[in-house]
Amino acid sequence: MMARGHFLSGATAGLLSSPLAGALAPAGVETPVRALALAGAYTAVVGVDSLWPDIDHKPAFISKCIPVVSQLTCWVMRHVSMAVYEATRTEKDRKGGCHRTFTHTLPFPLLTGGGVAAILLATPAAGWAAFVGVALALGTLVHILGDAMTLSGVPVRWPLLDSKGRRWSTWGLRWFRAGGPVGERIATLV
């Protein structure tokens, strides 16, 4: 259920920023059809990429959508998230932690978008590096901001300490419960 809300909010952000699509894509003959196709593709990519921060969570749609590949990626990201959490937590932070830790921090969209763009630069698809990198970073950021509206919040201050000496404290607007009907209705209306 949360996947639909994240996808809809991501696609909305993609649609609103779709005028950038032509500038981010490889150069080509600009026609109205190409511009529309790029805007549509960019909107869809941002929508799908808005599912990415939940890759460390076994029950998440993205962790199950492509058999074996999604599950393996989930396993890797779960362990990366746990390792980052354990390496950076203070004695004031709770022990253990995986979901809504590293993949829900503000540096994560920059690292993943930039990382994927850098990988693409070394391939024949180098011309698409900016298009894909920006779409991934934007989709990821929209997901994090959406989760910041839930009761659970997200660790937006990471890696900084809060006033109580915690690095992994969560912050959020606390408007609705994750996966609840209010959040779904908001995402659908947007």
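How each quantity is defined
- Residues numbered from 1 in each chain as written.
- Predicted model: local features only at pLDDT ≥ 70, side-chain atom pairs only at ≥ 80, totals over all residues.
- Heavy atoms only, no water.
- Helix = DSSP H or I, 4+ residues; strand = E, 2+ residues; numbered from the N terminus.
- Buried < 20%, exposed > 50% of the residue type's maximum accessible area, 1.4 Å probe, protein only.
- Areas by Shrake-Rupley, 256 points an atom, 1.4 Å probe, with all protein chains shown as cover.
- Core = buried A, V, L, I, M, F, W, Y, C linked by side-chain atoms within 4.5 Å.
- Contact = heavy atoms within 4.5 Å.
- pLDDT = per-residue confidence, 0-100.
- Axes fitted to C-alpha atoms, helices over the stretch in contact; angles between N-to-C directions.
- Parallel < 35°, antiparallel > 145°, perpendicular 65-115°, else oblique.
- Left-handed = near helix turned anticlockwise from the far one by under 90°.
- Nonpolar A, V, L, I, M, F, W, Y, C, P; charged D, E, K, R; others polar.

Could you clarify how one ought to interpret the overall build of the protein in this entry?
Tallying secondary structure elements over the protein gives 7 helices and 0 strands in all. Listing every helix and strand of the protein by position from the N terminus yields α-α-α-α-α-α-α. The 190 residues of the protein split such that 42% are buried. Summed over its atoms, the accessible surface of the protein is roughly 10,100 Å², and 72% of this surface lies on carbon and sulfur atoms.

Is there a simple way to think about the nonpolar core in this case?
It is characteristic of soluble globular proteins that their nonpolar side chains tend to be buried jointly. If you look at the biggest cluster of nonpolar residues, it comprises 13 residues, and the most contacted ones within it are Trp52, Ile62, Phe102 and Trp168. Looking at this core element by element, the count peaks at 3 residues for helix α4 (residues 69–88). Residues contacting Phe102, with those up to four places away along its chain left out, are Val80, Ser81, Val84, Phe108, Leu111, Trp158 and Trp168.

Would you mind showing me how to read the confidence of the model for the protein here?
Residues with a pLDDT of 70 or more make up 89% of the protein, whose mean pLDDT is 89. Within the protein, helix α7 (residues 181–189) has the poorest average pLDDT of any element, 61, and helix α5 (residues 107–121) the best, 97.

Any chance you could explain unusual backbone geometry here in plain terms?
If a residue is not glycine, its phi is most likely negative; likewise, a peptide bond is most likely trans. Here the residue pair Trp158 and Pro159 is connected by a cis peptide bond, since its omega of 10° sits within 30 degrees of zero. One non-glycine residue, Val68, lies in positive phi territory at about 70°. Residue placement: Val68 occurs in the loop between α3 (32–49) and α4. Using a relative accessible area of 58% as the deciding quantity, one classes Val68 as exposed.

Would you mind going over the packing of α5 against helix α6 (residues 129–147) with me for this structure?
Packed helices, taken two at a time, are described by their axes: the angle between them and the distance between them. α6 packs onto α5 with a crossing angle of 160° between their chain directions and a minimal axis gap of 8 Å. Here α5 is positioned roughly antiparallel relative to α6, judged by the angle of their axes. Judged by the sense of rotation from one axis to the other, the crossing of α5 with α6 is right-handed. Note on element contacts: α6 touches α5 through Ala129, Val132, Gly133, Leu136, Ala137, Thr140, Leu141 and Ile144, opposite Phe108, Pro109, Thr112, Gly113, Val116, Ala117, Leu120 and Leu121. For the contact of α5 with α6, a count of residues per class yields 12 nonpolar, 4 polar and no charged.

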